[in-house]
Amino acid sequence: MQLILKNKNTLLLDEFKFKCSIGKKGSTSNKIEGDKKTPKGVYSLGPLFYRKDRLKNPETKIKKIPIKKSMGWCDDVNNKNYNRLIKVSKKIKHEKLFRKNSIYDLLILINYNTKKPVRKKGSAIFIHLTNNYKKTLGCIALKENDLLTILKLINKKTKIKIL
């Protein structure tokens with residue numbers, strides 16, 4: 001099973017077609033930290049992170065991790081934990097996972113630049129929620145019901161192909 005980002009506003013999964021949004025500046029084969037582009041390629045999916053204080057336990061076959069207030073994703077190109085889950089610190093530039101808005105109430109890590117992260121190659125690439133399909137900083141954003149449907153269908157072998 002494969003998710004396919006067909007174009008800047010269509011995500012496909014088997015016979016399902018979902019409206020989505022991607023990076024403000026489109027997609028690229030040469031991702032650079034902060035370029036507001038979604039990285040092209042085929043990637044495995046990481047775990048689902050979710051806000052258990054806002055959502056009941058989502059139905060999925062992939063690993064689930066409840067988001068805690070102390071969780072962040074390092075996007076500091078000079079830090080040894082670049083593009084990894086961290087405990088938030090004022091000393092480390094990061095993307096906060098526990099947010100006031102709802103965009104990270106459900107998020108799936110896209111395993112882009114995660115195995116041995118190359119600095120400045122891009123970090124914190126997720127599939128997350130949107131209310132209005134506003135363009136992202138490089139992630140793929142979907143409405144909550146669509147992401148919940150996808151979660152029911154995917155498994156740990158599912159990959160995403162970004163064209």
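For the structure itself, consult the block above.
Residues numbered from 1 in each chain as written. Predicted model: local features only at pLDDT ≥ 70, side-chain atom pairs only at ≥ 80, totals over all residues. Heavy atoms only, no water.

**Student:** Would you take a moment to explain the environment of glutamine 2 for this structure?
**Tutor:** Turning to its location among the elements, glutamine 2 is positioned in strand E1 (residues 2–7). The spatial distance from the C-alpha of glutamine 2 to the C-alpha of valine 77 is 30 Å, given a sequence separation of 75 residues. Excluding its chain neighbours within four sequence positions, the residues that come into contact with glutamine 2 are Leu12, Leu13, Val42, Thr158, Lys159 and Lys161. (Helix = DSSP H or I, 4+ residues; strand = E, 2+ residues; numbered from the N terminus. Contact = heavy atoms within 4.5 Å.)

**Student:** Explain the side chain of serine 123 to me, please; I cannot follow it from the model alone.
**Tutor:** Mapped onto the fold, serine 123 is located in the loop between strand E11 (106–110) and strand E12 (126–129). When its relative accessible area of 8% is taken as the criterion, serine 123 is described as buried. At a separation of 2.9 Å, a polar atom in the side chain of serine 123 contacts the side chain of glutamate 33. Discounting chain neighbours no more than four positions away, the residues touching serine 123 are Glu33, Cys74, Asp75, Tyr82 and Asn83. (Buried < 20%, exposed > 50% of the residue type's maximum accessible area, 1.4 Å probe, protein only. Polar contact = N/O pair within 3.5 Å; in protein donor to acceptor, adjacent residues only side chain to side chain.)

**Student:** Please clarify how the pairing of strand E8 (residues 71–74) should be interpreted in this entry.
**Tutor:** If a strand is regular, its side chains alternate between the two faces of the sheet. Burial along E8 is two-sided: Met71 and Trp73 facing one way and Gly72 and Cys74 facing the other are all buried. Taken together, the three bridges between E8 and strand E9 (residues 85–87) define a ladder with antiparallel strand orientation. Directly across from methionine 71, in E9, lies its bridge partner lysine 87. (Pairing = 2+ DSSP bridges.)

**Student:** So what exactly am I meant to see when it comes to the pattern of salt bridges here?
**Tutor:** Oppositely charged side chains can pair when the atoms bearing their charge come close. Counted according to the given criterion, the structure contains five salt bridges. For arginine 54, the salt bridge is made with aspartate 105, and the minimal N-O distance between the two is 2.8 Å. Of this pair, arginine 54 sits in the loop between strand E6 (41–50) and strand E7 (64–66) while aspartate 105 sits in the loop between strand E10 (94–96) and E11, and the two are 51 residues apart along the sequence. The class of arginine 54 is partly exposed, set by a relative accessible area of 36%. (Salt bridge = Lys/Arg side-chain N within 4 Å of Asp/Glu carboxyl O.)

**Student:** Can you help me understand the packing of aromatic side chains in this one?
**Tutor:** Aromatic ring pairs are defined here through the distance separating the ring centres and the angle between the ring planes. Overall, the coordinates contain five aromatic pairs when judged by the stated rule. Between phenylalanine 16 and phenylalanine 18, the ring centres sit 6.0 Å apart and the planes meet at 15°, which makes this aromatic pair stacked. Given a relative accessible area of 31%, phenylalanine 16 falls into the partly exposed group. Classification of phenylalanine 18 by relative accessible area gives buried; the value is 5%. When the ring of tryptophan 73 is compared with that of phenylalanine 126, the centres are 5.7 Å apart and the planes differ by 85°; the resulting orientation is edge-to-face. You can see tryptophan 73 sitting in strand E8 and its partner phenylalanine 126 sitting in strand E12, a full 53 residues away along the chain. (Phe/Tyr/Trp six-rings, centres within 6.5 Å; stacked < 30°, edge-to-face > 60°.)

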